[in-house]
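# Fold and contact review
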Amino acid sequence: MFNRILFPIDDSDGAAAVRDDVYTLAAAHDATLHVLNVADTAHDSVTRIGDEVIDTLQREGETLVKEVASQAAAQGIATKTAVIQGGVAATITKYAETADVDLIVMPTQGRSGIEERLLGSTTERVSRETPIPLLTLRPSVEPLSVPIERLLVPTDGSDTAGAALDAGIDLAAADDSTLHLLSVVDTSLFADELLAEQYADSLSEAAEDVVADARKQATAAGVEDVITTVHNDESVAAGIRSCAAEIDADCIVVGTHGRTGLDRYLLGSVTETLIRTAPVAVLVVPPADRE
């Protein structure tokens with residue numbers, strides 16, 4: 001399913017912690033692994049050693065990509081390497097498009113607090129910008145199961161969720177996974193008990209219809225093991241995390257709608273909340289019309 005995988009690498013502990021998962025994924029799909037380091041132009045890295053003027057970030061990046069490529073090659077994985085100067089998120093996105101990769105793999109940063117909500121991590125910024133699926137891996141958790149055995153795809157029937165559903169079905173069919181289809185009824189919409197009584201049943205019925213339609217699509221595509229669930233929760237992201245824990249999911253597949261503006265940075269989307277907080281891998285699928 002994935003022929004060309006991009007692994008943006010730096011010297012962080014997070015990137016080092018997910019290397020083995022990336023190698024396993026690339027080997028399982030017989031994919032070429034593109035190893036990229038971005039020499040961030042936001043930092044002054046030019047220095048003089050004797051009579052020689054060097055860019056320390058460029059030199060460190062070349063050493064790093066060579067090391068990762070060597071480790072991958074030792075496992076029989078074809079590699080391509082690049083060190084490019086520029087803004088990190090924008091350079092990753094541009095390289096992915098130029099190299100025609102099928103998947104970007106990045107670690108989550110695991111930061112918390114107001115800084116993350118205002119600025120976002122590099123991984124989150126890439127998720128907003130890239131037209132290519134992004135697999136986020138959380139360091140310090142169980143290694144990624146490859147092939148993926150239990151795949152969770154939340155859906156609400158929207159076009160955004162539809163793109164993720166298509167990708168989830170393709171991956172489940174390729175890996176012969178158990179496909180769990182979930183629709184979360186957001187109970188925070190109910191301001192009082194009267195509204196809850198009035199709308200809860202109709203929203204639950206609509207959610208049942210959504211997962212039933214998704215099930216038909218999955219079975220028509222050849223996925224044999226499909227389970228549907230409707231879950232009530234005061235937060236969509238919390239409902240997804242709860243279901244992922246209950247079924248011991250290996251990966252969550254979600255769409256991203258590319259919303260921008262101050263409200264996104266302060267509150268974050270469901271997808272970005274999952275990137276920060278989900279205990280398992282999250283495959284972020286951009287809308288089909290994102291350029």
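Nothing here was measured: the structure is a model prediction, and the numbers come from that model.

Let us look at the overall build of the protein. When helices and strands are counted, the protein shows 11 helices and 12 strands. Here the protein holds 291 residues, and 47% of them are scored as buried. Counting every atom, the protein has about 14,100 Å² of accessible surface; 48% of that belongs to carbon and sulfur.

Moving on: the packing of helix H6 (residues 122–129) against helix H11 (residues 270–277). The geometry of H6 relative to H11 is characterised by a closest axis approach of 10 Å and an angle of 150° between their N-to-C directions. Judged by the inter-axis angle, H6 sits roughly antiparallel to H11. As for how H6 packs across H11, the hand of that crossing is right-handed. When H6 is examined against H11, the residues Thr 123, Glu 124, Ser 127 and Arg 128 are found in contact with a partner set consisting of Glu 272, Ile 275 and Arg 276. Residue classes in the contact of H6 with H11 are distributed as one nonpolar, two polar and four charged.

Bringing the sheet that holds strand E12 (residues 281–285) into the picture now. As summarised here, the arrangement of the 10 strands in space is E5-E2-E1-E6-E7-E12-E11-E8-E9-E10, forming an open sheet in which the pairing is mixed. Single-partner strands in this sheet number two, and they are strand E5 (79–86) and strand E10 (226–233). With direction set aside, neighbouring strand axes in the sheet form an average angle of 25°. Direction of pairing for strand E11 (residues 251–255) relative to E12: parallel, over a ladder of five bridges. Along E12, the bridge assignment pairs Gly 255 with Val 285. In this fold helix H9 (residues 236–247) packs onto strand E8 (150–154), strand E9 (178–186), E10 and E11, with an angle of close to 145° to the strand it touches most, E9.

The topology assignment puts Ala 26 in helix H2 (residues 19–28). It is 6.9 Å that separates the C-alpha atoms of Ala 26 and Ile 5, two residues lying 21 residues apart in sequence. Leave out the neighbours within four places in its chain, and Ala 26 touches Ile 5, Ala 31 and Ile 77.

This part is about the nonpolar core. Ranked by internal contacts, the top residues of the largest apolar core, which has 45 residues, are Ile 5, Leu 33, Leu 135 and Leu 179. No other element matches the seven residues that helix H7 (residues 159–175) contributes to this core. Non-local contacts of Ile 5, meaning those with residues more than four positions away in its chain, are made with Leu 25, Ala 26, Ala 31, Thr 32, Leu 33, His 34, Leu 103 and Val 105. In terms of nonpolar packing, the next biggest core, distinct from the first, is built from 31 residues, Leu 6, Ala 82, Val 184 and Ala 249 among them.

As enumerated under the stated definition, the model contains two cavities of 30 Å³ or more in all. What the largest cavity holds in volume is close to 60 Å³. Around the largest cavity, the lining residues are Phe 2, Leu 25, Leu 103, Leu 135, Leu 144, Ile 148, Leu 171, Cys 251 and Leu 283. In terms of residue class, the lining of the largest cavity is built from nine nonpolar, no polar and no charged.

For the rest of this paragraph, the subject is the packing of helix H4 (residues 88–98) against H6. Between H4 and H6, the shortest axis-to-axis distance is 9 Å and the interhelical angle comes to 45°. With respect to their mutual orientation, H4 and H6 come out oblique. As H4 packs across H6, the resulting crossing turns out to be right-handed. Each of Val 88, Ala 89, Ala 90, Ile 92 and Thr 93 in H4 lies in contact with H6, whose residues at this interface are Thr 122, Arg 125, Val 126 and Glu 129. In terms of residue class, the contact of H4 with H6 is made up of five nonpolar, two polar and two charged.

Summing up the model confidence of the protein, the mean pLDDT is 85 and the portion of residues at 70 or higher is 82%. Of all secondary-structure elements in the protein, the lowest mean pLDDT belongs to helix H10 (residues 262–267), at 40, while strand E1 (residues 4–8) reaches the highest, 98. This model gives residues 110–119 a pLDDT under 50, and the stretch forms 14 contacts once residues within four places in sequence are excluded. Counted against residues more than four places away or in other chains, residues 258–267, with its pLDDT under 50, gives 17 contacts.

Before going further, it helps to examine the pattern of salt bridges. Scanning the model with the defined rule gives nine salt bridges in all. Linking Arg 150 and Asp 250 is a salt bridge whose minimum nitrogen-to-oxygen distance equals 3.4 Å. On the criterion of sequence distance, the pair formed by Arg 150 in strand E8 and Asp 250 in the loop between H9 and E11 is long-range, its members being 100 residues apart.

What counts and what doesn't
Residues numbered from 1 in each chain as written. Predicted model: local features only at pLDDT ≥ 70, side-chain atom pairs only at ≥ 80, totals over all residues. Heavy atoms only, no water. Helix = DSSP H or I, 4+ residues; strand = E, 2+ residues; numbered from the N terminus. Buried < 20%, exposed > 50% of the residue type's maximum accessible area, 1.4 Å probe, protein only. Areas by Shrake-Rupley, 256 points an atom, 1.4 Å probe, with all protein chains shown as cover. Axes fitted to C-alpha atoms, helices over the stretch in contact; angles between N-to-C directions. Parallel < 35°, antiparallel > 145°, perpendicular 65-115°, else oblique. Left-handed = near helix turned anticlockwise from the far one by under 90°. Contact = heavy atoms within 4.5 Å. Nonpolar A, V, L, I, M, F, W, Y, C, P; charged D, E, K, R; others polar. Pairing = 2+ DSSP bridges. Core = buried A, V, L, I, M, F, W, Y, C linked by side-chain atoms within 4.5 Å. 1 Å grid on protein atoms, 1.4 Å probe; cavity = no way out; pocket = protein on both sides within 12 Å on 5 of 7 lines; lining within 4 Å. Points joined across faces, edges and corners; volume = space filled by probe spheres on them. pLDDT = per-residue confidence, 0-100. Salt bridge = Lys/Arg side-chain N within 4 Å of Asp/Glu carboxyl O.

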